[in-house]
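Here is what each chain is made of, one letter per residue.
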Amino acid sequence: MDLSVARKRMVAQLVKRGITDQRVIDAMQQIPRHLFVEEAMAAQAYSDTPLPIGEKQTISQPYTVALMTQMLQLTGKERVLELGTGSGYQAAVLATLAGWVYTVERIRPLALKARKVLDGLRLLNVNLRIGDGTDGWPEEAPFDAILVTAGAPSVPDCLIDQLAPGGRMVIPVGDKVDQQLVLVKKGHDGSIEREDSEGCRFVRLIGRHGWSEH
Ligand code: SAM
């Protein structure tokens, strides 16, 4: 199967499901998702489904990546923090839509693999750090947008603190199995608004301000 045809079909499906931001649609068309999964799974890479990436973790479903990215309303110059690099795919999509991406992954082998793929695609505006992302990345804060790609028990206050005035954060919040996407908006006056969006299922956000490991 021609993977570029499969990618076009995937993107058409995203539009059918309600993705409207043309920049997000173009980014999903541009980034080769098959490079972020094991070669043996390349043929499945353009199905609208999450896939295993090793270490009991997953690359998120394309629709979820597109929806969460769209909710950030990026215009091109933003500094974006992503927690949960995983395969690096979401970071790659963000890197084509924003100025700088700061992404944190707690599992070293995944982070190293992601770094390789991102470098191979010459996405030089992605900074990757290995560690507990629930602390954010205080040295680089504030961020115009924060995207958490693992399920949290609640919205960590330290991440709200690291959001710039006018900034947006998208984070799945719920129990260990089911969550809801939450959009947190910080006003220019520092006020905080929270909107609940679609239901979702993510692996757990494990760390100081997330779930405990066991
Ligand atoms: N965004 C990823 C992608 O595009 O492939 C998918 C992320 S996967 C659903 C969730 C990731 O979050 C896993 O790789 C997991 O190890 C990572 N994770 C969980 N807790 C974390 C934490 N406290 N800090 C950083 N990464 C974390």
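Provided above is the structure to which this section pertains.
Let me sum up the structure you'll find in this document. (Residues numbered from 1 in each chain as written. Predicted model: local features only at pLDDT ≥ 70, side-chain atom pairs only at ≥ 80, totals over all residues. Heavy atoms only, no water.)

On to the packing of aromatic side chains, then. Per the stated rule, a full pass over the model turns up 3 aromatic pairs. Here the aromatic rings of phenylalanine 36 and tyrosine 89 are separated by 5.6 Å at their centres, their planes lie at 70°, and the arrangement is edge-to-face. Placement of the pair is phenylalanine 36 in the loop between helix H2 (22-30) and strand E1 (51-54) and tyrosine 89 in helix H4 (residues 89-97), with a sequence separation of 53 residues. You'll find phenylalanine 36 and tyrosine 89 in the same group, each marked buried. (Phe/Tyr/Trp six-rings, centres within 6.5 Å; stacked < 30°, edge-to-face > 60°. Helix = DSSP H or I, 4+ residues; strand = E, 2+ residues; numbered from the N terminus. Buried < 20%, exposed > 50% of the residue type's maximum accessible area, 1.4 Å probe, protein only.)

Attention shifts here to unusual backbone geometry. Along the chain, alanine 141 connects to proline 142 via a cis peptide bond; the corresponding omega equals 5°. Located in the positive-phi region is glutamine 73, a residue other than glycine, with phi close to 50°. In this structure, glutamine 73 sits in the loop between helix H3 (62-72) and strand E3 (79-83). The phi angle at arginine 122 is positive, at roughly 60°, despite the residue not being glycine. By the element assignment, arginine 122 lies in the loop between helix H5 (108-120) and strand E5 (126-130).

The environment of the ligand is formed by 27 residues, the closest being Ser87, Glu105, Asp132, Gly133 and Ile206. Within the contact set of the ligand, a nitrogen atom lies 2.9 Å away from a backbone nitrogen or oxygen of glycine 84. The protein chains hide 99% of the 610 Å² of surface that the ligand would expose on its own. Every element with two or more residues in the shell around the ligand is listed here: strand E2 (57-59), H4 and strand E4 (100-105). Considering every element that reaches the shell around the ligand, the biggest residue donor is E2, with 3 residues. Per-class residue counts for the shell around the ligand are 9 nonpolar, 13 polar and 5 charged. (Near = heavy atom within 4 Å. Polar contact = N/O pair within 3.5 Å; in protein donor to acceptor, adjacent residues only side chain to side chain. Areas by Shrake-Rupley, 256 points an atom, 1.4 Å probe, with all protein chains shown as cover. Nonpolar A, V, L, I, M, F, W, Y, C, P; charged D, E, K, R; others polar.)

Counting across every chain of the model gives 0 disulfides. Take cysteine 158: it sits in no disulfide, and the sulfur closest to it among the cysteines is that of cysteine 200, at 20 Å. (Disulfide = S-S within 2.5 Å.)

A few words now on the pattern of salt bridges. Inspection of every chain in the model, using the stated rule, returns 11 salt bridges. Of the charged contacts, one joins glutamate 213 and arginine 106 as a salt bridge, the two residues approaching to 3.2 Å between their closest N and O atoms. Taken together, the positions of glutamate 213 in the segment after strand E9 (192-200) and arginine 106 in the loop between E4 and H5 put the pair 107 residues apart, joining distant regions of the chain. Ionic pairing is found between glutamate 195 and lysine 185, a salt bridge with its closest N-O pair at 3.1 Å. Highlighted residues: glutamate 195 in strand E9 and lysine 185 in strand E8 (residues 179-186), separated in sequence by 10 residues. For glutamate 195, a relative accessible area of 36% corresponds to the partly exposed category. On the accessibility criterion, lysine 185 (25% relative accessible area) is partly exposed. Among the ionic contacts, a cluster of salt bridges with common partners joins Lys185, Glu193 and Glu195. (Salt bridge = Lys/Arg side-chain N within 4 Å of Asp/Glu carboxyl O.)

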